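Take a look at the letters that make up each chain.
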Amino acid sequence: MRVLSAEGEVLGHGHFSPHSQIRVRLLELGEQSSGEALLTERIHAAVKRRSGHPLLEGCDGVRLVHAEGDGLPGLVVDRYRDTVVLRVGTAGMARRRETVADALVEATGASRIYERGDAAALRREGEAVQEGPLRGEAPQEPIAIVERGRQYLADVVSGQKTGFYLDQREARNLVERLAPGRRVLDLFCYSGGFALAAAKGGAQSIVAVDGSKQALVVAEASGAVVDWVKADAFRFLRAAEPGFDLLIIDPPPLARRKSDVKRASRAYKDLLLHGLRCAAPDAQLLVFACSHHVGPDLFRKIVFGASLDADRPVRVLGELGAPTDHPVALDHPEGRYLTGLWLEAIG
Ligand SMILES: C[S@@+](CC[C@H](N)C(=O)[O-])C[C@H]1O[C@@H](n2cnc3c(N)ncnc32)[C@H](O)[C@@H]1O
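Here the structure is a predicted model, which means the values were calculated and not measured. (Residues numbered from 1 in each chain as written. Predicted model: local features only at pLDDT ≥ 70, side-chain atom pairs only at ≥ 80, totals over all residues. Heavy atoms only, no water.)

Student: What is the right way to read the site of the ligand from this model?
Tutor: Around the ligand sit 17 residues in total, of which Gln-160, Asp-210, Gly-211, Ala-233 and Asp-250 are the nearest. Between the ligand and Gln-160, the relevant distance is 2.9 Å, taken from an oxygen atom to a side-chain nitrogen or oxygen of the residue. When the ligand sits alone it has 610 Å² of accessible area, and the protein chains cover 88% of it. Along the lines of polarity and charge, the residues of the shell around the ligand split into 10 nonpolar, four polar and three charged. (Near = heavy atom within 4 Å. Polar contact = N/O pair within 3.5 Å; in protein donor to acceptor, adjacent residues only side chain to side chain. Areas by Shrake-Rupley, 256 points an atom, 1.4 Å probe, with all protein chains shown as cover. Nonpolar A, V, L, I, M, F, W, Y, C, P; charged D, E, K, R; others polar.)

Student: Is there a simple way to explain the packing of helix H5 (residues 169-178) against helix H6 (residues 193-201) in this structure?
Tutor: When two helices pack together, their arrangement is captured by the angle between the axes and the distance separating the axes. Axis separation between H5 and H6 bottoms out at 7 Å; the angle between their running directions is 35 degrees. Along this stretch, H5 crosses H6, giving a crossing that reads as right-handed. Of the residues in H6, those in contact with Ala-171, Arg-172, Val-175 and Glu-176 of H5 are Gly-193, Phe-194, Ala-197, Ala-198, Lys-200 and Gly-201. When grouped by side-chain class, the residues that make up the contact of H5 with H6 number five nonpolar, two polar and three charged. (Axes fitted to C-alpha atoms, helices over the stretch in contact; angles between N-to-C directions. Helix = DSSP H or I, 4+ residues; strand = E, 2+ residues; numbered from the N terminus. Left-handed = near helix turned anticlockwise from the far one by under 90°. Contact = heavy atoms within 4.5 Å.)

Student: When you look at the sheet that holds strand E2 (residues 10-16) in this model, what are you seeing that I'm missing?
Tutor: Across a sheet, paired strands are connected by hydrogen bonds in the backbone, their directions being either parallel or antiparallel. Spatially, the three strands line up as an open sheet ordered E1-E2-E3, and their pairing is antiparallel. The sheet is open, and its two edges are formed by strand E1 (2-4) and strand E3 (24-29), each paired on a single side. Mean inter-strand twist for the sheet, computed between neighbouring axes without regard to direction, equals 45 degrees. The pairing of E2 with E3 spans five bridges and is classified as antiparallel. The partner of Phe-16 across the bridge, within E3, is Val-24. On the sheet, helix H1 (residues 36-50) packs against E2 and E3 and is oriented at approximately 80 degrees with respect to E3. (Pairing = 2+ DSSP bridges.)

Student: Even after reading the chapter, I still don't get the side chain of Gln-168, so can you show me in this structure?
Tutor: By the element assignment, Gln-168 lies in the loop between strand E10 (150-154) and H5. A polar contact of 3.3 Å, which involves the side chain of Gln-168, links it to the side chain of Asp-250. When sequence neighbours within four positions are dropped, the list of residues in contact with Gln-168 reads Phe-194, Asp-250, Phe-288 and Leu-338.

Student: It is not clear to me how the domain arrangement of the chain should be interpreted in this structure. Could you clarify?
Tutor: Interface size, as often reported, equals the accessible area lost upon joining of the parts. Split into domains, the chain comes out as domain 1 (35-135) and domain 2 (165-345). Look at where the C-alpha atoms of domain 1 and domain 2 centre, and you get two points 28 Å apart. Residue-level contacts link 14 residues of domain 1 with 11 residues of domain 2. Of the roughly 1000 Å² buried between domain 1 and domain 2, counting both surfaces, carbon and sulfur atoms make up 63%. Looking only at domain 1, the three residues that lose the most surface to domain 2 are Arg-63, His-66 and Glu-68, adding up to 44% of its buried area. Linking domain 1 with domain 2 are zero salt bridges. Taken together, the links from domain 1 to domain 2 amount to three residue pairs in polar contact (both at pLDDT 80 or more). (Domains from an automatic or database assignment. Buried area = accessible area lost by both parts, 1.4 Å probe. Salt bridge = Lys/Arg side-chain N within 4 Å of Asp/Glu carboxyl O.)

Given below as structure tokens:
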């Protein structure tokens, strides 16, 4: 649709969402519209930017399109070897899925394009959720991928999001390097991204906890020596004995809306407080919040509060976030959704 100024001047073109709070996702400025050719052009450009990128070397799993960060609001595309998975979150993109699928085949040469729907977002847009193969057949089983020598399974059909959390790639590198000889706790482990990195790095022992049976079935198929536990991670942590040297706490988004922030802050603090209680002397902790409503400043304050309440001082060794294939547009700061801190318990 065209976007007009109060005077009737054409300002640009975008996708209209009559049922959403965000009425228009702007795609281009100016009077002329490139129409659907713009989507094709931007998909090709996004794929080209990743191709041969030195920081993506050795990775079978790559995010090819990161919504606004690639000028394509409402569209996320991940590649797992020869399978490309798209996830649409707006009515505009849902209605252009065929154009998107054609462009992805052309740009990637992949034999299979599979669609996953962002159910919550599409519901808000008044759009039906559609899932299944758009080109080629649905994969019969999770897809084996290698990420810098680490082996994983991406459950494209039944897993969460597009099947795997590509956004934690850099933090997995860190876990692998910190792991040797450590007793590791991976809370909210999903299919074992961090736990398997710790196993490859030579951890002494690994406990990994998630509430999803389906995710743990995929994790267990790795055959790694990990104690996989199906449990509520909050309850598990409250009851856990101290003695972990490396803790990873990566909960689901606890603040999906701004109005959730207060409640979410309490939940993060609870996790951090008990995480610190279970941390061995000089333990390392990697803690995350994946909601743009809880940014770095607030998250540091929450960590500080937990540290005071636990009577356990910590120092920040580094900041963690999504990798290079998850770019953020300067005019869309909400695209920076993953905040992480690498902490060290002092004593
Ligand atoms: C952000 S994902 C974790 C991703 C994972 N760390 C990785 O890198 O692949 C959040 C995970 O928390 C799990 N989850 C949500 N609520 C939970 C709860 N109360 N207890 C345990 N697991 C929970 C979900 O099943 C999901 O696997």
